[in-house]
Amino acid sequence: PAPMGQYPGKIYLTNCPSNWAMFVSMLIASQMEPTFARRVYPCFDEPAMKATFSIRIIHDPSFVALSNMPAIDVSEVKDENGSLWTVSTFNTSLKMSTYLTAFVICDFDYVSRTERGNEIRIWARKEAVKNGYVDYALNITGPIFSFLEDILNVSYPLPKTDLVALPDFGAGGMENWGLMIFQEASLMNLPSDEFTSRKAMIALIVSHEVGHQWFGNLVTMKWWNDLWLNEGLASYFEFVFFLQDKIFYAHVIQPVLKEDSEIARSLSESEDKIKGSFSLMSLFDNITYSKLYKLLALLVVFIEPPWILMLLFVSSQSYLKEFSFSNANQDDLWTHIQMVVDAQDEVQLPAPVKQIMDSWTCQNGFPVLTLNLTTGTVTQEQFFNKNNRKSTDSYNNTWIIPISWMRNGSSQALTWLDKSSEMFPEMQVSESDYDWILLNVNLSGYYRVNYDQLNLKRLARLLENDPKAIPAVSRFQLLDDVFALTDFGYVPIETALELTKYLAREDELFIWNVVLLNLIPEDSESTLKNHEVYPLLKKYLLKRMLPIYHYYAGFIRQNADALEDDYFAQAYLEKLLATACWLGLQDCLDLSSELYAKWRDNPEYKIPFLIRRTVCCYGVAVGSDKEWNFAWEMYNHTDSIKEDEDILLYAMSCAKESWLLYREAITMLLESAKLENIERRKLLVKIASWLEKNIDD
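Note that this is a predicted model, so its numbers are computed, not measured. (Residues numbered from 1 in each chain as written. Predicted model: local features only at pLDDT ≥ 70, side-chain atom pairs only at ≥ 80, totals over all residues. Heavy atoms only, no water.)

A. Structural detail: the overall build of the protein chain. The helix and strand tally for the protein chain stands at 24 helices and 23 strands. Taken over 697 residues, the protein chain has a buried fraction of 58%. Excluding contacts between residues fewer than 6 apart, the proportion of contacts in the protein chain whose partners are at least 24 apart in sequence is 70%. In the structure as shown, the protein chain presents an accessible area of about 29300 Å², 50% of it carried by carbon and sulfur atoms. (Helix = DSSP H or I, 4+ residues; strand = E, 2+ residues; numbered from the N terminus. Buried < 20%, exposed > 50% of the residue type's maximum accessible area, 1.4 Å probe, protein only. Contact = heavy atoms within 4.5 Å. Areas by Shrake-Rupley, 256 points an atom, 1.4 Å probe, with all protein chains shown as cover.)

Have a look at this one:
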């Protein structure tokens, strides 16, 4: 399933929320992955024990029954009490694993289209279908199927595909063959919704589950220890078509690096380590879903783009054809990639594919590379939290690492590090302040980089003089790495802060976002504001934020619609605006008041969704009881959607008057984040000390 918070469960028997009761009273939907088919019917519930399934469901006549295959007969039968029941009989399935069997019993409606003989139906609440909420999902699903059929050169083997939007589901989506199940939020888009990133999210989740029709359903891992073969390959082809590199690095690589540094497990676990369904459920994490994508990119980072497509697509084609309706393990995938590598003469690997990839999939975590500019020595070690290291901990892993790098803005030939330390004479620099080196260009490798102080000073100076000399993704990586190195005890916080001096010249929102998330964590805002660091942080950041703030504030005031298709504005502008208001920037507070007043005067007016949360919060915060009362009135509107309700609840908690906060038990909704962590307090003292010395730079 898509990684949206999986819960072990068998059958979802759903009573819908009260405001939906007029549409649906009850439905039944199954979730068999990983080991719940055995609770529904007797079976050998193992992924390698594939079989064909003949399914018949007896159900209430007012409901429709769906399963993996098309219904071949619908008849009626009376029970012993004379009550009439419908019998839905489905065609025998293709050979598949038990966890992919599925059924849904509902009174939903659907929209449909046929793509290359594949009848695609999107099922949802009747009112949602009528209002066009699933039209976007219908429009993209067929082209995704066609795209994957073309690049994989393997036709989709089923005659139909149903996608069902459930009001309540424990995962983002589930790839059951021919009957995919989703959360409503993963499949529905309001026609009036200007929130572009919602469409991107729907496209990603749908493409992930469609990718599983080949990687997971047609070819399945032999056992759950290789779950990442299913999820990682589906994730790879999910991102091949839909994402730009900046979105990928900010939304996928940054989170998975963070999680991979905290979870002590390898991507591929041995079978004897996984005991019972609890351990199986723990495999459904970010490591399983996202790490393989980056590792596949790592494997081909040294190959020119046409060869990348050939390597991955051709090897995937042969892999799918050999193991169709069967099972595979990771060595089978490496074998097929090796076959393609061996069939060309353009590039040579430093070791067999299996040896390279096993160093990444069979070991915990990932490396951090440390570069010494004076000697040109690059050292690798496992990235771990030095603040929490125990004397008995052992970190002796070694990876085979491709290093992409540039010197003084010029790309250099890729090199490999396959031992704990190696000297590269070409990475020694002169005494010139303008001689600098950047490793892991555009985050092409799955590792962090720790530079010596000499290179960091030169990079900081370069950023202040000419930030565009470093590619945007590499600027993002440089800052993300240095803050992570600070958190884990490799470098002092002052080192990270030195690299932020240039930010007045930074115009990329996703780079600003990584800085703000590290300097002003959302769970620490209330404590930070009462700390001695706040006035210093305010002066330091506002001085640097003003250029990018005024750029986007101009759009918001004059033509907010122009930002509707700007994914980065949709994803990151909220944090920038919220920080500006939190720091007390008067123009930001005025802007929030203006837009909120405009909404109060005309409830039909829509505050741009990408900043609605912040505008409502500060519209109430700087207002009086009239602004709070309006938020309460809109919250109680019968037609308000859940997202708006959440925004309005948050906004009411922003009120400054305590008597307003007590009304209607709003105190229960106040953010309660408090900075109890002593280490965090110590860090704030260091930040304050550095800011006092550098505030006017």
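Back to the text.
B. The arrangement of helix α18 (residues 567-582) in detail. Compared with the 22 Å implied by 1.5 Å per residue over 16 residues, the 24 Å span of α18 between its first and last C-alpha is a close match. By the largest-angle criterion, L573 marks the main kink of α18, which is about 45 degrees. The positive-phi residue at the C-terminal boundary of α18 is G584, with phi of around 85 degrees. (Expected span 1.5 Å × (residues − 1). Bend = angle between axes of the 7 residues up to and from the residue.)

C. Molecular detail of the packing of helix α19 (residues 586-601) against helix α21 (residues 625-635). Viewed as axis vectors pointing N to C, α19 and α21 meet at an angle of 55 degrees, and their least axial separation amounts to 11 Å. In terms of orientation, α19 and α21 fall into the oblique class. Between α19 and α21 the crossing geometry is left-handed. Where α19 approaches α21, its residues Y596, W599 and R600 are matched on the opposing element by K626, E627, F630, A631 and M634. A class-by-class count of the residues in the contact of α19 with α21 yields five nonpolar, no polar and three charged. (Axes fitted to C-alpha atoms, helices over the stretch in contact; angles between N-to-C directions. Parallel < 35°, antiparallel > 145°, perpendicular 65-115°, else oblique. Left-handed = near helix turned anticlockwise from the far one by under 90°. Nonpolar A, V, L, I, M, F, W, Y, C, P; charged D, E, K, R; others polar.)

D. Broad picture of unusual backbone geometry. A cis geometry characterises the amide bond from E33 onward to P34, with omega recorded as 0 degrees. Along the chain, the position of P34 falls in the loop between β2 (27-30) and β3 (56-59). A positive phi angle is found at R116, which is not glycine, with a value near 55 degrees. Following the sequence through the fold, R116 ends up in the loop between β8 (109-115) and β9 (118-124). Backbone geometry places N442, a non-glycine residue, at a positive phi of 55 degrees.

E. The arrangement of the packing of aromatic side chains in detail. Applying the stated rule across the entire model yields 25 aromatic pairs. Each ring, one from Y156 and one from W214, has its centre 6.1 Å from the other, and the planes form 55 degrees; the classification is tilted. Of this pair, Y156 sits in the loop between α2 (135-152) and β10 (160-166) while W214 sits in the loop between α4 (196-212) and β13 (219-221), and the two are 58 residues apart along the sequence. Judged by relative accessible area, which is 8%, Y156 ranks as buried. By relative accessible area, which is 0% here, W214 ends up buried. On the basis of an interplanar angle of 70 degrees and a centroid distance of 5.5 Å, the ring pair of F366 and Y446 is categorised as edge-to-face. Residue F366 is found in the loop between α11 (353-361) and β15 (367-372), and its partner Y446 is found in the loop between β22 (437-439) and β23 (448-451); the two are separated by 80 residues along the sequence. Accessibility assignment for this pair places F366 and Y446 in one class, buried. The side chain of R121 reaches across the aromatic face of Y110, ending 5.3 Å from its centre. Here R544 stacks its cationic end above the ring of Y540, 3.8 Å away from the centre of that ring. (Phe/Tyr/Trp six-rings, centres within 6.5 Å; stacked < 30°, edge-to-face > 60°. Lys NZ or Arg CZ within 6 Å of the ring centre and 35° of its normal.)

F. Main features of the sheet that holds strand β21 (residues 421-423). Strand order in the open sheet made by the four strands is β21-β16-β15-β23, with mixed pairing throughout. With partners counted over all chains shown, the strands left at the sheet margins are β21 and β23, one partner each. Going from strand to strand, the sheet's axes swing by 20 degrees on average, the running direction of each strand aside. Here β15 pairs with β23 via four bridges, running parallel. Within β23, the position partnered with T370 by the bridge is N450. (Pairing = 2+ DSSP bridges.)

G. Inspection of the sheet that holds β22 at higher detail. Read from one edge of the open sheet, three strands run β19-β18-β22, paired in antiparallel fashion. Unpaired on one side and paired on the other, β19 (410-411) and β22 mark the two borders of the sheet. Here strand β18 (residues 405-407) pairs with β19 via two bridges, running antiparallel. Within β19, the position partnered with R407 by the bridge is S410.

H. Expanded view of the pattern of salt bridges. Counted under the stated rule, the structure contains 20 salt bridges. The salt bridge involving R116 is made with E149; its shortest N-O contact spans 3.1 Å. Within this pair, whereas R116 is found in the loop between β8 and β9, its partner E149 is found in helix α2, the two being separated by 33 residues in sequence. Take R116: its relative accessible area is 52%, and that puts it in the exposed class. Among the salt bridges present, the one from D507 reaches K468, with a minimum N-O distance of 3.3 Å. One end of the pair, D507, is in the loop between α14 (493-498) and α15 (509-519); the other, K468, is in the loop between α12 (453-465) and α13 (472-487), with 39 residues separating them in the sequence. What makes K468 exposed here is its relative accessible area of 52%. Among the charged side chains, a salt-bridge network with shared partners connects R116, E149 and D150. (Salt bridge = Lys/Arg side-chain N within 4 Å of Asp/Glu carboxyl O.)

I. A look at α11. Most of α11 sits out of view: seven of its nine residues are buried. For α11, every residue scored as buried is listed here: V353, I356, M357, D358, S359, W360 and T361.

J. Structural detail: the state of the cysteines. Within the structure shown, the criterion is met by two disulfides. Two residues share a disulfide in this structure: C581 and C588, whose sulfurs sit 2.0 Å from each other. Judged by the torsion about the S-S bond (-90 degrees), the C581/C588 disulfide is left-handed. Of the two residues, C581 and C588, both sit in the buried class. Each disulfide pairs two cysteine sulfurs, and for C617 the partner residue is C654, the sulfurs being separated by 2.1 Å. An S-S torsion of about -105 degrees defines the bridge between C617 and C654 as left-handed. Here C617, found in helix α20 (residues 609-621), pairs with C654, found in the loop between α22 (642-652) and α23 (658-662); they are 37 residues apart in sequence, far enough to count as distant. Accessibility classification places C617 together with C654 in one group, the buried group. Each bonded cysteine in the protein chain gets a number by its place in the sequence, and the pairs come out as 1-2, 3-4. (Disulfide = S-S within 2.5 Å.)

K. Summary view of the side chain of Q477. Looking at the secondary structure, you find Q477 in helix α13. Setting aside residues no more than four positions away along its own chain, Q477 makes contact with L439, N440, L443 and V449.

L. Region of the structure containing the nonpolar core. Counting 122 residues, the largest nonpolar core has I403, M427, L439, Y451, L541, L573 and W599 as the members making the most contacts within it. Ignoring sequence-local partners within four residues, the contact set of M427 consists of L371, L373, G376, V378, I403, W405, T415, I437 and L439. With 86 residues, the next largest nonpolar core counts L138, W228, Y236 and I337 among its residues. (Core = buried A, V, L, I, M, F, W, Y, C linked by side-chain atoms within 4.5 Å.)

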